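# Architecture at a glance
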Amino acid sequence: MIPRIKEIIKVEPYKIICLWNTNEIRMIDFSTWVEDALAKPNSVLQKWSNANVFLSVVLDREQENLVWPNLLKMHNLNGTTELV
């Protein structure tokens, strides 16, 4: 069985506690990623390192993973741009 996130229990700046399909409750600590992101100006991770953006995380129930809405811009073939 591949471990997948079933539920987000708690979100703090740069830490997320999740219930997994293995019935385990585990914390994911993104602190070191934030440190790396701050060293890379104009990167997507730098936007993500903003505490308010980080706290906007949601669970994609279909894919069973974490998603930060409206973090990336997607340029469509027809020339339009949308946030994903």
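About the cut-offs
- Residues numbered from 1 in each chain as written.
- Predicted model: local features only at pLDDT ≥ 70, side-chain atom pairs only at ≥ 80, totals over all residues.
- Heavy atoms only, no water.
- Buried < 20%, exposed > 50% of the residue type's maximum accessible area, 1.4 Å probe, protein only.
- Helix = DSSP H or I, 4+ residues; strand = E, 2+ residues; numbered from the N terminus.
- Pairing = 2+ DSSP bridges.
- Phe/Tyr/Trp six-rings, centres within 6.5 Å; stacked < 30°, edge-to-face > 60°.
- Salt bridge = Lys/Arg side-chain N within 4 Å of Asp/Glu carboxyl O.
- pLDDT = per-residue confidence, 0-100.

## As for the pairing of strand 2 (residues 15–20)
Judged by which residues are buried, strand 2 turns out to be one-sided: Ile16, Cys18 and Trp20 face inward and are buried, whereas Lys15, Ile17 and Leu19, on the alternate face, are not. Sheet topology places strand 1 (residues 5–12) next to strand 2; six bridges connect them, and they run antiparallel. Residue Ile5 lies in a different strand from strand 2, and its bridge partner there is Trp20. Taken together, strand 1 and the strand that follows it, strand 2, pair antiparallel across an intervening segment of two residues, in which Tyr14 is found at a positive phi of about 70°. Inspection of the sheet shows strand 2 paired to strand 3 (residues 25–29) by five bridges, in the antiparallel sense. Its bridge partner lying in strand 3, Ile17 is registered against Met27.

## Considering the packing of aromatic side chains
Enumeration according to the criterion identifies nine aromatic pairs in this entry. Arranged with centres 5.6 Å apart and planes meeting at 85°, the rings of Phe30 and Trp33 form a pair that is edge-to-face. Note on Trp33: relative accessible area 46%, which makes it partly exposed. One aromatic cluster is present, built from ring pairs that chain together Tyr14, Phe30, Trp33, Trp48, Phe54 and Trp68.

## Describing the pattern of salt bridges
Two side chains that carry opposite charge are able to pair once their charged atoms sit near each other. Summed over the entire model, instances satisfying the criterion amount to three salt bridges. Among the ionic pairs, Glu64 bridges to Lys6, the shortest N-O distance being 2.7 Å. Taken together, the residues Glu64 in the loop between strand 4 (58–60) and strand 5 (65–67) and Lys6 in strand 1 connect sequence positions 58 residues apart. With a relative accessible area of 39%, Lys6 lands in the partly exposed category.

## Considering the confidence of the model for the chain
Averaged over the chain, the pLDDT score is 88; the fraction of residues at 70 or greater is 96%. Ranking the helices and strands of the chain by mean pLDDT puts strand 2 first, with 98, and strand 7 (residues 81–83) last, with 69.

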